[in-house]
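Coordinates in review
Listed below are the residues making up each chain.
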Amino acid sequence: MENHRDFGRAVPVQISVLSANHLRGSRTDSCLSFVRVEFNGCVLGDSQKLDVPVDKDVVYNFSCSFECSEVAHTLDDVAHKPVILTVFEILPKEKKQKEEKTTVLGQAVVDLLPLLRGQCSFSSTVLLHAVPGSPADVAVHEDSVKSTLDVMVQVPEPLLSDAQRSDSNVLMVTVETAYSVPDIWNPASTPPSHYIAALQMPISATKEQVLLFSNGVLKMGGEKEPVPRPKKWPLGSLLAPGAEVIQGLYIDTEPTDTDHGDLTDIEDKDFRADAECNQKRVSWDTARRCFIDAGGVACLSRRIAECRLWPVEIMKAIQTAPTKGGKTRQGEDEAQISFHGVVYMDLVPLLYPGVRRIHGVYRIYPFYESDLLNKTQRTYSVLKECSKAPAALGRNRANSSVNSLKAFQTRTTENQRGNNDVSKKPDSQGKCAQTDSVSGLEPQVNTEGQMYADSRSYIVIEIAVEKPLAPKRPPEELAKRVMELVPPRPPLPRRPAGAERAVQEYQSQIASVAAQVLDQYQQLFGAAFLPGGKPLDPVMQEQRKNQLLGELNYSGKYFAFKEQMKYSVVRIVREKMLRTEAFSDPEQLQAFLSQLYVFLVDEMHATLNKTLSVDSQDAHQEPVLSCAQLKHFAREAELNTDYQLAAQYYQECLIRERSEPSHWCDYGAFHMLTADHLKAEECFQQALSIQQTHIPSLLMCGVLSEMNGHFEDAETFFERATCVEPNNVVAWALFGIFCQTQEKSIEAEMAFREASKQLNAVLQTGSASRPEVSSETQSGQKKDLKDESRETPAGNTEETGGNTDAVHEEERPQNDQKSKQEVQQQVPPTGVQTSIYMETVWFLLQNYALQMAQRALALELLSPDRGTISSYHLALAKLHLLRGEHDSAEASLKEALTDHFQNPDIWALWGHLHYQKGDYAQAQSCYERTLDSVLDASDTHSIFLRLGSIYLQKGECDKAKPVFLRACKRSPSCLTWLRLGIACYRLEELTEAEEALTEANALNNRNPEVWGYLSLVCLQTGRKLEAEQSYKYALKMNLQEESLLEEIHELQSRVGFGNPSF
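Residues numbered from 1 in each chain as written. Predicted model: local features only at pLDDT ≥ 70, side-chain atom pairs only at ≥ 80, totals over all residues. Heavy atoms only, no water.

With respect to the environment of F66
We apply this condition: Numbering goes from the N terminus for both helices and strands, where a helix is a DSSP run of H or I of at least four residues and a strand is a run of E of at least two. A simple rule labels every residue: compare its accessible area, found with a 1.4 Å probe on the protein chains alone, to the largest value its type can have, and call it buried under 20%, exposed over 50%, or partly exposed in between. Contacts are assigned to residue pairs with any non-hydrogen atoms lying within 4.5 Å of each other.
Relative to the helices and strands, F66 is located in strand β5 (residues 58-68). Since its relative accessible area comes to 4%, F66 is described here as buried. Spatially, the C-alpha atom of F66 lies 9.8 Å from that of E38, the residues being 28 residues apart in sequence. If we skip the residues at most four places from it in the chain, F66 touches V11, P12, V13, I15, F39, L44, H73 and L112.

Regarding the packing of aromatic side chains
Test applied: Pairing of aromatic rings covers Phe, Tyr and Trp, the last through its six-membered ring, and needs centres within 6.5 Å; plane angles under 30 degrees mean stacked, over 60 mean edge-to-face, and all others mean tilted.
Under the counting rule described, the total for this entry stands at 21 aromatic pairs. With a centroid separation of 5.5 Å and 35 degrees between ring planes, the pair formed by Y179 and Y458 is classed as tilted. Residue Y179 is located in strand β11 (residues 169-179), and its partner Y458 is located in strand β22 (residues 458-465); the two are separated by 279 residues in the primary sequence. By the burial criterion, Y179 is buried, and Y458 matches it. With centroids separated by 5.0 Å and ring planes inclined at 45 degrees, the aromatic side chains of W185 and Y195 adopt a geometry described as tilted. With W185 in the loop between β11 and β12 (193-202) and Y195 in strand β12, this residue pair connects regions lying 10 residues apart in the sequence.

Looking at the packing of helix α36 (residues 941-953) against helix α37 (residues 957-970)
Note the cut-off: For helices, the fitted line uses only the C-alpha atoms of the stretch in contact; every axis is such a line through C-alpha atoms, and the angle between N-to-C directions lies from 0 to 180 degrees. Just so you know how the angles are binned, under 35 degrees is roughly parallel, over 145 roughly antiparallel, 65 to 115 roughly perpendicular, and the rest oblique. Throughout, a crossing is termed right-handed when the near helix is turned clockwise from the far one, and left-handed when it is turned anticlockwise from it by less than a right angle.
Close contact between α36 and α37 brings their axes to 8 Å; oriented N to C, the two are set at 160 degrees. Viewed along their axes, α36 and α37 adopt a mutual orientation that is roughly antiparallel. For the pair α36 and α37, the sense of crossing is left-handed. On α37, the residues that touch F944, L945, L947, G948, S949, Y951 and L952 of α36 are C957, K959, A960, V963, F964, R966, A967 and R970.

Concerning the pattern of salt bridges
For clarity, the threshold we go by: Criterion for a salt bridge: a side-chain nitrogen of Lys or Arg within 4 Å of a carboxyl oxygen of Asp or Glu.
One pass over the structure, following the stated rule, counts 37 salt bridges. For E484, the salt bridge goes to R481, with nearest N and O atoms at 3.6 Å. Taken as a pair, E484 and R481 lie in helix α13 (residues 475-485) at a separation of three residues, close to a single helical turn. When its relative accessible area of 48% is taken as the criterion, E484 is described as partly exposed. Residues participating in the shared-partner salt-bridge network are K231, E254, R357 and E462.

Examining helix α23 (residues 711-724)
Using the following cut-off: Expected span, for any helix, means 1.5 Å times one less than how many residues it has.
Under the 1.5 Å per step criterion, the end-to-end length of α23 is 20 Å for 14 residues, consistent within 8% with the ideal 20 Å. With 10 of its 14 residues buried, α23 lies for the most part within the structure.

Concerning the nonpolar core
Nonpolar side chains in soluble globular proteins tend to end up buried together. This is how it is decided: What is meant by a nonpolar core is a set of buried Ala, Val, Leu, Ile, Met, Phe, Trp, Tyr and Cys residues, joined one to another through side-chain atoms within 4.5 Å.
Membership of the largest hydrophobic core comes to 109 residues, with the highest contact counts inside it found for V173, M201, W284, I459, I463, L699 and F718. Tallying contributions element by element places helix α24 (residues 729-741) first for this core, with 10 residues. A647, F670, Y927 and C1018 belong to the second largest nonpolar core, which has 66 residues in total.

Some points on helix α30 (residues 836-846)
By the criterion of burial, α30 is predominantly enclosed, with 10 of the 11 residues buried. Considered for burial, the residues of α30 that qualify are I836, Y837, M838, E839, T840, V841, W842, F843, L844 and L845. In the segment just after α30, Y848 is the residue with positive phi, at about 60 degrees.

Notes on the sheet that holds β5
Applicable threshold: Each pair of strands is called paired provided DSSP finds at least two bridges between the two strands.
Sheet architecture is open: four strands sit in the order β5-β1-β10-β8, paired in antiparallel fashion. Each edge of the sheet is formed by a strand with only one pairing partner; in this case those strands are β5 and β8 (121-127). Adjacent strand axes in the sheet meet at a mean angle of 20 degrees, parallel and antiparallel pairs treated alike. Looking at chain direction, strand β1 (residues 11-21) and β5 are connected through nine bridges and run antiparallel. Within β5, the position partnered with P12 by the bridge is E67.

Overview of the environment of D274
If you trace the backbone, D274 turns up in helix α5 (residues 269-278). When its relative accessible area of 33% is taken as the criterion, D274 is described as partly exposed. Considered as a pair, D274 and G222 are 52 residues apart in the sequence and their alpha carbons are 9.7 Å apart.

Here's the deal with the UniProt feature "repeat: TPR" (unreviewed entry) in the protein
Convention followed: UniProt positions are given in the numbering used here, feature names are shortened, and annotations may be inferred rather than shown by experiment.
In the numbering adopted here, UniProt assigns the feature "repeat: TPR" (unreviewed entry) to residues 941-974. Between the C-alpha atoms that bound residues 941-974 the distance is 13 Å, and the span itself is 82% helix and 0% strand.

Some thoughts on the environment of Y643
Tracing the chain through its elements places Y643 in helix α19 (residues 643-656). Put simply, Y643 and T674 are 31 residues apart on the chain and 8.1 Å apart in space, counted from C-alpha to C-alpha. With residues near it in sequence (within four places) discarded, Y643 still touches E638, F670, L673 and T674.

Some remarks on the pairing of strand β2 (residues 30-39)
In terms of burial, β2 is a largely internal element, nine of the 10 residues being buried. Bridge count between β2 and strand β4 (residues 50-53): four bridges; the pairing is antiparallel. Its bridge partner being in β4, S33 is matched across the sheet by L50. Bridging between β2 and strand β6 (residues 83-91) involves seven bridges; their strand directions are antiparallel.

What about unusual backbone geometry?
P228 follows V227 through a cis peptide bond whose omega is -5 degrees. As for its position among the elements, P228 is in the loop between β13 (208-219) and β14 (229-232). Backbone geometry at E988 places phi at a positive 60 degrees, although glycine is not the residue there. With a phi angle near 65 degrees, N1038 is a residue other than glycine that sits in the positive phi range.

Quick look at the packing of helix α18 (residues 627-639) against α19
Rules: Note on residue classes: Ala, Val, Leu, Ile, Met, Phe, Trp, Tyr, Cys and Pro are nonpolar, Asp, Glu, Lys and Arg are charged, and everything else, Gly too, is polar.
Axis separation between α18 and α19 bottoms out at 7 Å; the angle between their running directions is 165 degrees. Considering the angle they form, α18 stands roughly antiparallel to α19. In the crossing of α18 with α19, the sense of the turn from one axis to the other is left-handed. For the pair α18 and α19, contact is made by C627, L630, K631, F633, A634, R635, A637 and E638 and by Y643, L645, A646, Y649, Y650, E652, C653 and R656, respectively. Grouping the amino acids of the contact of α18 with α19 by side-chain chemistry returns 11 nonpolar, no polar and five charged.

Some words on the pairing of strand β18 (residues 309-318)
Taking burial as the measure, the 10 residues of β18 include eight buried ones, the bulk of the element. Direction of pairing for β18 relative to strand β19 (residues 337-346): antiparallel, over a ladder of eight bridges. Bridging across to β19, L309 finds its partner in D346.

Put into structure tokens, the structure is as follows:
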């Protein structure tokens, strides 16, 4: 097949009408009929006349054809015009009747679109729609039997080559309904009116086609338009109702959040609901397909990119009766245009990657040529050009069985054949004409068009393309690309090796020998264990033992058992005991044999107990601390800038669960905090290698790739994240920020629109269902969530004093849901209006991607849909604080307080700012104000730690104790229990101090300060041994605090014990 055939080459299209089924005529016994085939207003031929009994099928076997070319019956005609099949019945002749009389039984239509999709032939059984009052219509009502036609369409070669079909496109414009039209319109007005919509589309690089919708029907209000309802062919009225319907295409209910254009806000819902139910409307429900070749597709894309608004003109045309001779009065054509309005459709969404359809609600504005020029860079009105075409009103094509089209439609159709198919350079449409004066484009005020604006009229239009104008990479390709960038590393099965494998082999040999010995025992004495049986006396046991040993020795099994176990014992000696050379000293040999014997016997007992015990259980013990607690301790160490300890906690999480991607992601965020971006990227990639769809890791890999200048990789990561989780607000927003940085404005607009759509859906359904974007919730908030919600939010430490029970008296169960929401959102501000940029900012700040966070904040500042001012300045202050810019952070916090003075998060961050600057008095004031607030701050753990530390430094231990008690209840850690123990020790509450220090030691037994204070408590209570042991562990763990060491030494000197070196 030729791969580059010219479009202009004529290809014959053959239509074969094979048969008619269940055909009914006026006679009861038979039906004399023939079928007429029409296309594009031309009659292609009539079949032979057949008289067939009504109970049999009418086999026409009639074929006719037309040539598809650029001259007549173009590819665009094939796209939007069906083949019309009309079945005629020949009535019996009456007396003195010279000519036969015929009546139309019904009509059917055949869609030729499969020919444009590469098919050379297809068969179809189409419904024959009965003409009202015809015998076929009566048969349908009486017998519910519908007539059908069997049709076949064939072409000798495809209309389009593979390359042409790949580069071309089929666009379909559906004009549905115009609502809230001017009240002055009346369906009963005379003369009758037409309601017309028109727009122009490029079908090639040099030609444009006017798409005309002239069959609008004015309806009164009172009920909604039915859904689903079928779309209609742009043919005007046919003889048979129902034949104008395009099979398989329907107008259905559209979610309002997916609508483009105008009147899509929440406040417009009520107006639209009232207009679509109670107001007048004009209904078209017509779909017009348009074939566009490769040049036309490029022209359309360029035009949309250059000027995003596309005009659709609307008018009311009054039908005038022709005068004698079929002529109209001179100059009447121009007077036909009334109520001239225009819709400005934003077609840029058609350039979004992967988008094939936009459904929009658009306001109708009065038509002014100056507005048309300014908004669309077009210099003339399509409707005015059509109305100037030299065509006679009411002219129809001869020999067509289709009803006469309306006058304006006929005139415009011929204009499309004449003027509009003439070659036009699209640049003349896309650029402003320099010779025209804009000031001369307004001859008068469009009073009738202004009624559209006064009535808030709008129209619903859908535009769809068969193939996206901007292709989108499929998810499979993105997944493959991510797999190439970060190859998946499935966790290897854990296999024992070395010493562990040697011990397991020894245990398996023990189990095998034990099973064989038990079998031998049962052969000699029967069942070894009988349910409910009496135990043997010692004498009988000894006799059986000797008899069993004798049998084993006599049969040689005893020697075989030793040989069976020899190899495993040798491996234990080499792998476990690490002995490969002979002993020269007999004493060392004897000591080694004793050690080996003890080990082998212990392992034998353990194996036998596991093998022979019915209730044997695995002795594996779960670790005391969970990974969530370890991460909480790590974040606490980050707060105290003890990055070495934080790294240890993260590494311990990885040792326990190395195949958990969230652990690697959190470890990567830690390296982002320490500005070690190379290690951070390795951690995020490791998380992706474990789970290729881990959203936080995908996003952070994209952020780091963008920071390193690998823009193609960054786009892949961001786009993959949006495919994996399409409802993720942060993923879409980050993708938009990246595209905006790369000057891809259309992709950025699409991403921001999708992010806003998803955020609105979340806000409407409730924040609890918001998709999570961070790797894992803070363990301190996950721990005892219900207990946290029951805490006193503003515990007055001065009033409670040392009464610890007062901390737990008040309960606030209503905060439980809010705390869960905080866990899911993981953003500091709670209960405030948000935006897509602020959601992204908090995610980036949590992962310490400060550069990208600054860009998101800049977009938030410029966004018309921005959140609250306080949330913006709060995030900006946190950004400055992470960078160490204290003055800028303070200025931002002042701006935030101006907008929301009662926000506890602002006061908490201001307290952190003063704490880092060393102004502890101001920090204390801010922290106390935060805790006294009616609302809880998002992160109270850091507030408790720092406020309690300030109290301890000032010696106000009675205030520090309840603060640390609340911290221990909400999110316990070694540090909270330690400082609670210190406060109790200073208050001379030694029992409570020892209990708190014991809890701290259980969470971290390598903290030297805990051992130091335990030594002090033991010295105070007179326990010499415990005091010495605690002191030795404090020194072993390298206690560095000089003041604590001096206090311990002083107390040891006073009591006379506690230091073994005395």
